[in-house]
Amino acid sequence: MTGRIHIDGQSIPFAQGQTVMQAAEDAGVAIPHLCYHPDYEANGSCKMCTCKIDGRQVSSCTTPATDGMVVVSNTEELNSERRALAQMLFIEGNHHCPSCEHSGNCVLQDQAYKLGMTALIFPNFTAGRETDASHPDILLNRDRCIYCELCVRASRDTDGKDLFCITGRSNNKGLAINSDTGLLKDSGLSVNDAAANVCPVGCIIKKRQAFTKPIGQRDYDKRQVHSNKISPSTLPELVKEPGEKVSVATCSLAGCFGCHMSFLDIDERIVELVEHIEFDRSPINDIKTCSAEVDIGLVEGGVCNTENIETLREFRRSCKVLIAVGACAMSGGVPALRNSIDVRELLEESYIDNVGVENPQIPTDDELPHILENVSPIHEVVKVDFFLPGCPPPADAFWQILNDIVEGRAPDLPYDLTYYD
Amino acid sequence: MTSESDAVVREQLAAYRRDPRMVLQILRKLQLAQNHIKATDIDIVAESLNLPRTKIHALIDFYSFLHNTPRGGYDIYFSDSITDHMLGSRESAAVLCEELGVEPGVPEKDGLATVDFTSCTGLCERGPGVLVNGIAIDRVDIERAHEMAALIRAGTPLEDWPLEWFVINDAIRRKGPLLNMTVQRGAAIERAIELGADGVIAELEAAGLRGCGGAGFPTHRKWDICRSAGAGERYVICNADEGEPGTFKDRALLNCEGCNVIEGMTVCGITIGARKGFIYLRHEYEFLRERLDRRLQRRRDSGKLGRNICGHHGIHFDIEIVMGAGSYVCGEESALIESLEGKRGIPRIRPPFPVTHGYRGCPTVVNNVETFAYAAGIAADGPGFFKQDDAKRGWKLLSISGDCRSPGIYEMPVGTTVGEALQACGAEDVQAIQVGGPGGTLLASHETERELSFDDSNTGGSFMIFDHSRDMLDVAQNFTDFFAHESCGFCTPCRVGTKLMANMAEKIAAGHGARLDIEQMQRLNKLMTQASHCGLGQSAAVPILTTYEKFPEAFRQRMDDVEYKPAFDVEAAIERSRQIVAEEAQS
Ligand SMILES: Cc1cc2nc3c(=O)[nH]c(=O)nc-3n(C[C@H](O)[C@H](O)[C@H](O)COP(=O)(O)O)c2cc1C
Ligand code: SF4
Ligand code: SF4
Ligand code: SF4
Ligand code: SF4
Ligand code: FES
């Protein structure tokens, strides 16, 4: 059958045997997707391409087009579901973009940007899957696998090698390599194989090619300005007398202070800002403790020990609006790389085996904070009102979010200011 | 040179004709014979069947009852279904673990025994249900657990355990036309041949028989579509996976009326023009397999299966039993077909549906055990068999379990009210009823006017009763865990969503829940319902949220009225650090 389908009111043609996704791609209509690829048979697993088709919610990559079909795709209802799917994939694996070689060239990341994902609301699963670095040219970082099965299909259908295989079920799913040792080096996978090039995320990546494209020139760095206009929650009311300023405090947990530095990069605009806000605890004025009541609190860094938890809880109590700033606060970020390592190993590495350690011993003083098994994002410890992603978030993003709040709007980060790295 | 182990694997390969589609059957036999699947056997199977080794590992990882590390010589699974809990399964398991000195799921050092848990074993009315080396034992109360421990410690072979432990009776409490049926073997076949395919389908339509597995698709239409779908081979599959917790009526049917089911499948085969049928029997029903095999053989011997059935030239149909290996989702018809083809049980992309593109891509009828049994009755006696004055909409078998005087099988007219069912089984002090299994409908005790039918409270047969002594949050958590454990992991919303739901249920049960957790569950529920690939994910979040709606008290008892609570327990998160510091301070 051939004919026309209607996507969000636009009429497009389809050819014999095409799915809704294929027809849309041919017509240049973008439907979000992760596991679909034009070269391969549809898989239908990521559910990113879910549309309302003739009134029923189904995957557009597996639904054959029929004449007169009505497809609804770009609605806030569907996009918010897709956003939740992206959030699920992020927390299921270890997606810490700042430390990922694939950042900027990653389809999952790009989809999430486009869907306006500015927060990770679910608790992290902290996957601890095995990394395979055995191959001379290719690295397999399983913690980032989203099980799109593209490598499986590419190896089977294009390369004719059938090297990848999905194993297990439920949350214990895995990606296995078909070789005598189960290792990539013995599999016969070559850098030029389709399977080595098809992974949409930073799971199958080529060695020695990371960070070769400078930031700004990576695949998904070029952004058309396009605002998502998503207000995930409402703004707690900040009742102000006329002329009264909004007070802002900041604090840093397990972070590098880079987010603070970026904040200062708003440069001379800070002068404009201080007309409306006053700084409480912050590095700007070097005030170390927070007043009992602050309007806006910005937190940089994740939670790695009991001291962080205490600081964060006290800070939360003082602030009416709490904003998680940067990848570390949002997902654990760079410090969370330690999450797959046992605590003893960490302590030994720091206090015993580290170079230049004098009098090596693990400190046992009661006064010292205990370190947590995992570095956690701050929303797992206190309620967070807004998130400002990035590593660090661009200065303009700070400017934008603070202005929004000062003017009584719920913060809304536009697409061109949303970065996870 | 062939070692002893080689002999086992080679024997199984030969028994299954070296057919790669039978790989799961071969692996299952190896598991049962040697307590695990040995690495060397995996190599042999992979090579002989020309399959990548990873595919074999993938199967072992997917199916709950397959393992590549040794289990104990006595490999024991307690049913983790809620009704078994209510009958004391956890306590019995604890007794057994303690007496044998083992942790759940971990084999004893000398490899004597493993005590583990599994999803519903289908012995709900006679729980706690247990599987020992694949064989079912019912009513494993604390006393029986002690006796079992003694037998295990003495190394008594399973053959010498008390015989009565292995006799699984069926509590048939109320009989309708099916359970009363006394038709002659072969009568349905003879009449079906006489009526012809059009005639059989017309009678099924007149009877109004709809699928008894839960979805309720009109049976005559399924058979008709399959019959008219292209030329070439077609297949009949009897879905005997019965994995829905609280359902055990298929077990009873196969046990006492097995021939009726076989007769129904044969009628279907003749009607749609299939020559081959399969019974996909769940692993937990291994104890039925031998009996069924004998029945099949008897029917072959008497000409009711095989070539030229009942002497009718050119009518051929035979049936083979294929076993599951521990996966609830394999009850979904397309996942079942994948499993039958020797693959992981991942539901297929639909359309196309199995009725046009099923086993090996050929048109296939998949029906529930009960559907075939009723179809046999209708083929033998006409539509009146199913539809009588007092049952205008036909009949349905209910598997009633939980808190009532007489749990068991009840054959009741479609449209029976919940109140009538409760009365029939002697339920008192009822707090709640779960109709249709964990993914079905939760009813409060005042909803007795609700009907058991496709149009109201639909059920594939499961009817679980909870009295006021039960903690409904506990029930909901059990269901939520069940889905997280059984999710096939194929699609994002279910794979991640079921795990998130289970974590949140646990958080709430532990007293760490807050209002935002409920909001998040509600949002997740919508996503999972709308976007999941199959029925499992679509219903997985429902039980806990319905419980929240209908039994808010169960939540309020464990939740302070606060907006937010941390996602993890700080004390637990620093336990490791504390421990290390304490060790260091000592040394
Ligand atoms: C997750 C899931 C599990 C299922 N389990 C079973 C089962 O154990 N037995 C069964 O007969 N149908 C089960 N079904 C329904 C089957 O997919 C199918 O509809 C049924 O076997 C068709 O037979 P019927 O028309 O005779 O009911 C299940 C469906 C889903 C989505
Ligand atoms: S860039 Fe890397 S860490 Fe970020 S989403 Fe992609 S794969 Fe995950
Ligand atoms: S490795 Fe990459 S391509 Fe393969 S399944 Fe995982 S995410 Fe997809
Ligand atoms: S998000 Fe990046 S810049 Fe900010 S604290 Fe973490 S590492 Fe530093
Ligand atoms: S909904 Fe769940 S069980 Fe069904 S296909 Fe998706 S992951 Fe598998
Ligand atoms: S793109 Fe359609 S389900 Fe993944």
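Small disclaimer: the values here were computed from a predicted structure and weren't measured.

**Some thoughts on the overall build of chain A**
Part 1 of the argument: Check the secondary structure of chain A and you find eleven helices and 17 strands.
Part 2 of the argument: Referenced to the eigenvectors of the C-alpha coordinate spread, the extents of chain A come out at roughly 70 × 60 × 35 Å.
Part 3 of the argument: Sorting the 421 residues of chain A into buried and exposed places 56% on the buried side.
Part 4 of the argument: For chain A, the proportion of contacts with a sequence separation of at least 24, taken over those separated by at least 6, is 71%.
Part 5 of the argument: Carbon and sulfur atoms make up 48% of the accessible area of chain A, which totals about 17900 Å².
Part 6 of the argument: One way to put it: in chain A the 37 positive side-chain charges average out to a point 5 Å from where the 61 negative ones average out.

**A word on the interface of chain B and chain A**
Part 1 of the argument: At the junction of the two partners, chain B supplies 55 residues and chain A supplies 58 residues.
Part 2 of the argument: Across the chain B to chain A interface the summed buried area is about 4800 Å²; carbon plus sulfur atoms make up 59%.
Part 3 of the argument: The residue E486 of chain B makes a salt bridge to R169 of chain A at a minimum N-O spacing of 3.2 Å.
Part 4 of the argument: At the junction of chain B with chain A, the criterion picks out 28 residue pairs in polar contact (both at pLDDT 80 or more).
Part 5 of the argument: Looking at the side of chain B that touches chain A, the elements that each hand over two or more residues are α4 (53-62), α17 (472-486), α18 (492-509), α19 (515-531), α23 (570-573) and α24 (575-586) of chain B.
Part 6 of the argument: Residue classes in the side of chain B that touches chain A are distributed as 27 nonpolar, 14 polar and 14 charged.

**Focus on helix α7 (residues 142-153) of chain B**
Residues and elements named next belong to chain B.
Part 1 of the argument: Taking 1.5 Å of rise per residue, the twelve residues of α7 would be expected to cover 16 Å, and the 17 Å separating its terminal C-alpha atoms lies within 8% of that figure.
Part 2 of the argument: Within the sequence span of α7, burial applies to R144, A145, M148, A149, L151 and I152. The arc that holds every buried residue of α7, seen down its axis, measures 165°, which confines them to one face. Opposite its buried face, α7 presents the exposed residues E143 and R153, each directed more than 90 degrees away.
Part 3 of the argument: Next to the buried residues of α7 lie β1 (74-79), α6 (89-100), β2 (113-118), β3 (130-132) and β4 (135-137).
Part 4 of the argument: The positive-phi residue at the C-terminal boundary of α7 is G155, with phi of around 70°.

**Here we look at the packing of helix α11 (residues 249-256) of chain B against helix α15 (residues 369-381) of chain B**
All names here are of chain B.
Part 1 of the argument: Two numbers describe how α11 lies on α15: the axes approach to 9 Å, and their chain directions differ by 50°. With respect to each other, α11 and α15 are oriented oblique. Contacts from K249, D250, L253 and L254 in α11 reach V369, E370 and A373 in α15.

**Overview of α11 of chain B**
Part 1 of the argument: For α11 of chain B, the buried fraction is high: seven of the eight residues fall into the buried class.
Part 2 of the argument: Listed as buried for α11 of chain B are K249, D250, R251, A252, L253, L254 and N255 of chain B.

**Notes on the sheet that holds β1 of chain B**
Residues and elements named next belong to chain B.
Part 1 of the argument: Taken together, the four strands give an open sheet; going across it, the order is β2-β1-β3-β4, and neighbouring strands pair in mixed fashion. Each having just a single partner strand, β2 and β4 make up the two edges of the open sheet. Strand-to-strand twist across the sheet, computed as the mean angle between neighbouring axes with direction ignored, equals 25°.
Part 2 of the argument: Bridge count for β3 against β4 is three bridges, and the pairing is antiparallel. Residue pairing across strands places V130 opposite I137, the latter belonging to β4.

Rules used throughout
- Residues numbered from 1 in each chain as written.
- Chains lettered and ligands numbered in written order.
- Predicted model: local features only at pLDDT ≥ 70, side-chain atom pairs only at ≥ 80, totals over all residues.
- Heavy atoms only, no water.
- Helix = DSSP H or I, 4+ residues; strand = E, 2+ residues; numbered from the N terminus.
- Buried < 20%, exposed > 50% of the residue type's maximum accessible area, 1.4 Å probe, protein only.
- Contact = heavy atoms within 4.5 Å.
- Areas by Shrake-Rupley, 256 points an atom, 1.4 Å probe, with all protein chains shown as cover.
- Lys, Arg positive; Asp, Glu negative; His and termini not counted.
- Charge placed at Lys NZ, Arg CZ, Asp CG, Glu CD.
- Buried area = accessible area lost by both parts, 1.4 Å probe.
- Salt bridge = Lys/Arg side-chain N within 4 Å of Asp/Glu carboxyl O.
- Polar contact = N/O pair within 3.5 Å; in protein donor to acceptor, adjacent residues only side chain to side chain.
- Nonpolar A, V, L, I, M, F, W, Y, C, P; charged D, E, K, R; others polar.
- Expected span 1.5 Å × (residues − 1).
- Arc of directions from axis to C-beta.
- Axes fitted to C-alpha atoms, helices over the stretch in contact; angles between N-to-C directions.
- Parallel < 35°, antiparallel > 145°, perpendicular 65-115°, else oblique.
- Pairing = 2+ DSSP bridges.

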